[in-house]
Protein chains: 2
Amino acid sequence: MIPNFSQAEENYIKNIYHLQQSTGFVTTNELSAALNTKPASVTDMLKKLKLKKLLNYEPYKEFQLNALGKKVALGIVRKHRLWEYFLVEKLQFGWDEVHEVAEELEHISSKKLIEQLDSFLNYPRFDPHGDPIPDSNGKMSVQQQLLLTELPLNRFSEVTSVGSQSTELLELLKHKNISIGTRLEVKRKFSFDQSTELELENKVRVNISEQLASVLFVKEL
Amino acid sequence: MIPNFSQAEENYIKNIYHLQQSTGFVTTNELSAALNTKPASVTDMLKKLKLKKLLNYEPYKEFQLNALGKKVALGIVRKHRLWEYFLVEKLQFGWDEVHEVAEELEHISSKKLIEQLDSFLNYPRFDPHGDPIPDSNGKMSVQQQLLLTELPLNRFSEVTSVGSQSTELLELLKHKNISIGTRLEVKRKFSFDQSTELELENKVRVNISEQLASVLFVKEL
DNA sequence: AATTTTTTTTAGGTTTGTCTAAATTTTATT
DNA sequence: AATAAAATTTAGACAAACCTAAAAAAAATT
Ligand SMILES: [Mn+2]
Ligand SMILES: [Mn+2]
Ligand SMILES: [Mn+2]
Ligand SMILES: [Mn+2]
């Protein structure tokens, strides 16, 4: 049986998991930035997580979660995303309001709670930001998705996820009336600034900057 | 604005609140028993809660929450009971399984979360144990209820709440097929041991001990 | 290859919430 | 009223999770 971890431990584990998705490894400074703590505090926790056999770590080296660590991380990600889905679908939260609350809810320890919640929500496969929700075995759906910047002109497509969850981004998307599930086509690309003209489902045209297009993932329909 | 309190502080506040319901005052030993901590730890926390102006406390004296303390306590009780209701009504928990989970959920801090949850649940007025749920202003319904031991013979009545939530009690009630909302009549009282014969709605007769009868609250119909 | 800069760790503190053991105060009993 | 018992507080420690400042190691630059 997997033991329980403290809220602090869980936050470290989850953040290591996300950071190691890109290169497979994480550095002390990266992690301290992600967690808003000092590098010295990270070192303390790395020793503890190594002792608890969740982490491959040698002093001064990059580190990564081992199999057990990843399993624990997926459990936390699962809880986080299920709660986000609950907040949006059942409690009328905006998709830009759920992250902080889920940051707390993800640490509730009851196993039964999360299984019943999953069932109550009808086993959703993606959270409100388009990120996949691991099932109780840690498996998650992959969506073949591409960046909006890579989408050719005049192809029907649907927004599947966003590359960041900063309030700033979500505020801008809300203003432009774009969210997960929005249908759109790219109508023009302007080479001067790489900005893009989109046509939304209701035929409304909106212009988005290259910075914005490069954090929107879509799938062709 | 009311500041946020730590999980430990909230558990102390809530327990003081419940304990002072009977005599208006609480002692160090009572509280340490309720919280499963040592009296010395209680003294430490009492000083802190007094400093934060939630508590009337002088060394070696009994203590009680002041108005602000009670307000904070009611907020925690509200969250606890709403979550219990959610677990039973939406997530298929048994009424004897919800307490521990609610013990964690009651500390989630989002104000919006609890208001939306209340609305989602349709503003329930009683939790699964029959205890009243404070509204967002701290007001709660009172139920004119009497102890089953005080109920005269042959009066139609309904179980409204239980005087304890120990697993032992809930196990026994489940075995006897009694829960909140069960309709019953007292048919006989045996003076030898004060045990009582009940008739349930389905005409089934069950015998309950004096100890059990004295923790069941009912209202006449 | 030597030097500088950056990254990481170590050493030593702090706060919160707990504990044990001893001291003090209050309450009960003789 | 004196003494014994019980309740409470104080003193001193400890673990978890953080911090700052200094030391050590690794990486980058000259
Ligand atoms: Mn979190
Ligand atoms: Mn998300
Ligand atoms: Mn609690
Ligand atoms: Mn209850």
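Quick summary incoming for the structure in this document. (Residues numbered from 1 in each chain as written. Chains lettered and ligands numbered in written order. Predicted model: local features only at pLDDT ≥ 70, side-chain atom pairs only at ≥ 80, totals over all residues. Heavy atoms only, no water.)

1. Side note on the side chain of Lys-14 of chain B
As for its placement among the helices and strands, Lys-14 of chain B is situated in helix α1 (residues 7-23). Each residue touching Lys-14 of chain B, except ones within four places of it in the same chain, is listed here: Ile-76, Val-77, His-80, Glu-103 and Glu-106 of chain B. (Helix = DSSP H or I, 4+ residues; strand = E, 2+ residues; numbered from the N terminus. Contact = heavy atoms within 4.5 Å.)

2. Some details on the nonpolar core
Nonpolar side chains in soluble globular proteins tend to be buried together. In terms of nonpolar packing, the biggest core is built from 34 residues, with Phe-86 of chain A together with Phe-86 and Leu-117 of chain B touching the most fellow members. Elements with a contribution of two residues or more to this core: α4 (67-89), α5 (98-105) and α6 (111-120) of chain A together with α4 (67-89), α5 (98-105) and α6 (111-120) of chain B. Among the elements that line this core, the one with the most residues is α4 of chain A, at five residues. (Core = buried A, V, L, I, M, F, W, Y, C linked by side-chain atoms within 4.5 Å. Buried < 20%, exposed > 50% of the residue type's maximum accessible area, 1.4 Å probe, protein only.)

3. A few points about unusual backbone geometry
Residues and elements named next belong to chain A. Notably, Asn-154 is not glycine yet its phi reads approximately 60 degrees, a positive angle. Among the structural elements, Asn-154 can be located in the loop between β3 (146-147) and β4 (157-162). A relative accessible area of 43% means that Asn-154 is categorised as partly exposed. Of note in the backbone geometry, Gln-194 takes a positive phi value of approximately 60 degrees without being a glycine. Within the secondary structure, Gln-194 is located in the loop between β5 (183-190) and β6 (195-200). Looking at Gln-194, the relative accessible area reads 45%, which means it is partly exposed.

4. Digging into the coordination of the manganese ion (ligand 1)
Residue and element names in this part refer to chain A. Within the protein, the manganese ion (ligand 1) binds to Asn-11 (OD1), Glu-103 (O), Glu-103 (OE), Glu-106 (OE) and His-107 (NE2); these donor distances fall in the range 2.1 to 2.5 Å. Read from N- to C-terminus, the donor residues coordinating the manganese ion (ligand 1) fall into the pattern N-x91-E-x2-E-H. Placement of the pair is Asn-11 in helix α1 (residues 7-23) and Glu-103 in helix α5, with a sequence separation of 92 residues. Given a relative accessible area of 23%, Glu-103 falls into the partly exposed group. (Donors = N, O, S within 2.8 Å, 3.2 Å for Na, K, Ca; no water.)

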